[in-house]
Amino acid sequence: MYRHSLHKRVAIAFSMCVAVLTTASGLAFIDAIRLSEDSVQTQQLQVASDNNPANTTNLKAYDKVDNLPQTLHPWAQTKPALHLFPFATEELNVAVIY
């Protein structure tokens, strides 16, 4: 009637459940890390821009789209939401803060 014994079927089902749950929790963990990283970076940039806007050693503020680097103009014209945007080709992160 059944190809495998009850013991084997239970072991296979348990193994499949563990594999699915491990994969799902791993993906959720990676997503949580990514979201928290973006949040922390955005918060740090907001604090830096609020407290010391004159310190431009590693932080540049742009108040107009025209002042941005030329390669970012098309992106900025789309009016991006408040968020942190990484640009690998320019090797910079842009935080949109209103």
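In what follows, the structure referred to is the one given above.
Residues numbered from 1 in each chain as written. Predicted model: local features only at pLDDT ≥ 70, side-chain atom pairs only at ≥ 80, totals over all residues. Heavy atoms only, no water.

Caption draft 1: How the structure looks around the overall build of the protein chain. Scanning the protein chain for helices and strands turns up two helices and two strands. Ordered by position from the N terminus, the helices and strands of the protein chain form the series α-α-β-β. The buried share among the 98 residues of the protein chain stands at 13%. A fraction of 20% describes how many contacts in the protein chain between residues 6 or more apart in sequence connect residues 24 or more apart. Within the structure as shown, the protein chain displays about 8300 Å² of accessible surface, and the carbon and sulfur contribution to it stands at 62%. (Helix = DSSP H or I, 4+ residues; strand = E, 2+ residues; numbered from the N terminus. Buried < 20%, exposed > 50% of the residue type's maximum accessible area, 1.4 Å probe, protein only. Contact = heavy atoms within 4.5 Å. Areas by Shrake-Rupley, 256 points an atom, 1.4 Å probe, with all protein chains shown as cover.)

Caption draft 2: Quick peek at the environment of Ala 76. For Ala 76, the location among the structural elements is in helix α2 (residues 73-76). Of the residues examined, Ala 76 reaches a relative accessible area of 9% and is grouped as buried. A C-alpha to C-alpha distance of 9.2 Å links Ala 76 and Asp 66, two positions 10 residues apart in sequence.

Caption draft 3: Region of interest: the environment of Leu 72. Among the secondary structure elements, Leu 72 is positioned in the loop between α1 (6-51) and α2. On a C-alpha basis, the gap between Leu 72 and Val 94 in space is 9.7 Å, while along the polypeptide they are 22 residues apart.

Caption draft 4: Fine view of the nonpolar core. Ranked by size, the top nonpolar core spans five residues in total: Leu 68, Leu 72, Trp 75, Ala 76 and Val 94. Residues within four places of Ala 76 in sequence aside, it is in contact with Val 65 and Leu 68. (Core = buried A, V, L, I, M, F, W, Y, C linked by side-chain atoms within 4.5 Å.)

Note that every value here comes from positions in space, so none of it alone points to a role or purpose.
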